[in-house]
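# A look at the structure
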Amino acid sequence: METFDPAELPELLKLYYRRLFPYAQYYRWLNYGGVIKNYFQHREFSFTLKDDIYIRYQSFNNQSDLEKEMQKMNPYKIDIGAVYSHRPNQHNTVKLGAFQAQEKELVFDIDMTDYDDVRRCCSSADICSKCWTLMTMAIRIIDRALKEDFGFKHRLWIYSGRRGVHCWVCDESVRKLSSAVRSGIVEYLSLVKGGQDVKKKVHLSEKIHPFVSKSINIIKKYFEEYALVDQDILENKESWDKILALVPETIHEKLQQNFQKYHNSLQRWEYLKKAISWQDNTKNDKCGPLLEWEIMLQYCFPRLDINVSKGINHLLKSPFSVHPKTGRISVPIDLQKVDQFDPFTVPTISSICHELDAISINDEGKEGNEAESDIKHKTRDYKKTSLAPYIKVFEQFLENLDKSRKGELLKKSDLQKDF
């Protein structure tokens, strides 16, 4: 992957917003079929410009208005907010208290830094292929629950461009949910609780909820390779002491002595499972499988940023925004290929702009009419770059939204006929 030079960002962004950003699909998404009057016009966008200049409450009349403004402002980052009662760019003219956030997609933000107490390969903003599995498990666990436990159909997963993933749940009924209901959903999806000072962050009750058992089944598919091989969570005394803090003190001494006899995390984990099952018969302590699952969940279960999900007016980085530090594009993740998704092969703004330059050189001389060539550019430029497959994933998502909207409209008209 070619290296990205942040100094080139302003020029690269100009080219990206002029010739590569998928405006038509983007507008098609946020306009939701134009079913609700002024839905797009009342949506808040916020732009972060060069030198961290931050502009909130931007709003646009239509696709062309959005295009012009983005090309003029050249934002380093784009955030999407709620749909308000009035046009956000006129919020200062509205009577105090009347300007209210009314609807927004239910969003989730999962950030790798929240796992720093359990990943050994990287910390803070760094990621590698060894810890990216945490994001794979997070997508699988949260997406299964949104689909099966809640029945949400339209879930758009996006790579943040650096160290995490976002999910936008776009069903019509979901966009209308109150903050309290959103909080309830995030609460349901949260099992790891407690800050840095809390050592044991997962507590299971004897009666295991199906959400927990289904999540554990997903983690089991990855646990050996991820936790015992890649992260080597029982490699040495320092690392296994963290795990001993999660099991009853009555077996600490036995584990400390016997761990020395084994050669790797795989063997120590097998011994740990036996040791906790032997003490099942003691009165007060939890039984083996529960303890084993609590450890697995603490090390692998998704950690959601609750505030992002519960606030209707909370802003979240837009799909197809560019990450100013890595240059990577925030691209959709294909749910059929979650295991194959590799953040390090995601197109960077430099790579797609260079691909475009190469195409332009080949195309020179083929096109006479400049206006005509500009129209051709708008429709086809991204298709010639490595951004194309990601836009295809986005289009598939939009297709499903359209189908479902048409289905709802048919249902309504059928009901009216049946009166």
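Residues numbered from 1 in each chain as written. Predicted model: local features only at pLDDT ≥ 70, side-chain atom pairs only at ≥ 80, totals over all residues. Heavy atoms only, no water.

## Things to note about the overall build of the protein chain
The number of helices and strands found in the protein chain is 15 helices and eight strands. Summarising its shape, the C-alpha atoms of the protein chain cover approximately 80 × 60 × 45 Å along the three principal directions. For the protein chain, the residues scored as buried account for 51% of the 419 residues in total. Taking as baseline every contact in the protein chain between residues at least 6 positions apart, the subset at least 24 positions apart corresponds to 70%. Looking at charge distribution, the protein chain has the averaged site of its 63 positive side-chain charges lying 4 Å from that of its 60 negative ones. (Helix = DSSP H or I, 4+ residues; strand = E, 2+ residues; numbered from the N terminus. Buried < 20%, exposed > 50% of the residue type's maximum accessible area, 1.4 Å probe, protein only. Contact = heavy atoms within 4.5 Å. Lys, Arg positive; Asp, Glu negative; His and termini not counted. Charge placed at Lys NZ, Arg CZ, Asp CG, Glu CD.)

## Examining the pairing of strand β3 (residues 77-84)
A regular strand carries its side chains on alternate faces of the sheet. A large share of β3 lies buried, amounting to seven of its eight residues. Where strand β1 (residues 43-49) meets β3, five bridges bridge the pair, whose relative direction is antiparallel. When the sheet's bridge partners are listed, Ser46 is paired in β3 with Asp79. As judged from the two bridges shared by β3 and strand β8 (residues 316-317), these two strands associate in the antiparallel manner. Within the sheet, the bridge partner assigned to Asp79 lies in β8 and is Lys317. With two bridges joining them, β3 and strand β4 (residues 101-103) adopt antiparallel strand pairing. Within the sheet, the bridge partner assigned to Tyr84 lies in β4 and is Ala101. (Pairing = 2+ DSSP bridges.)

## Some points on the sheet that holds strand β6 (residues 155-159)
With antiparallel pairing, three strands are arranged side by side in an open sheet as β5-β7-β6. On the outer flanks of this sheet lie β5 (106-111) and β6, each paired with one strand and no other. Mean inter-strand twist for the sheet, computed between neighbouring axes without regard to direction, equals 15°. Of the pairings in the sheet, the one linking β6 to strand β7 (residues 164-169) comprises five bridges and is antiparallel in character. (Axes fitted to C-alpha atoms, helices over the stretch in contact; angles between N-to-C directions.)

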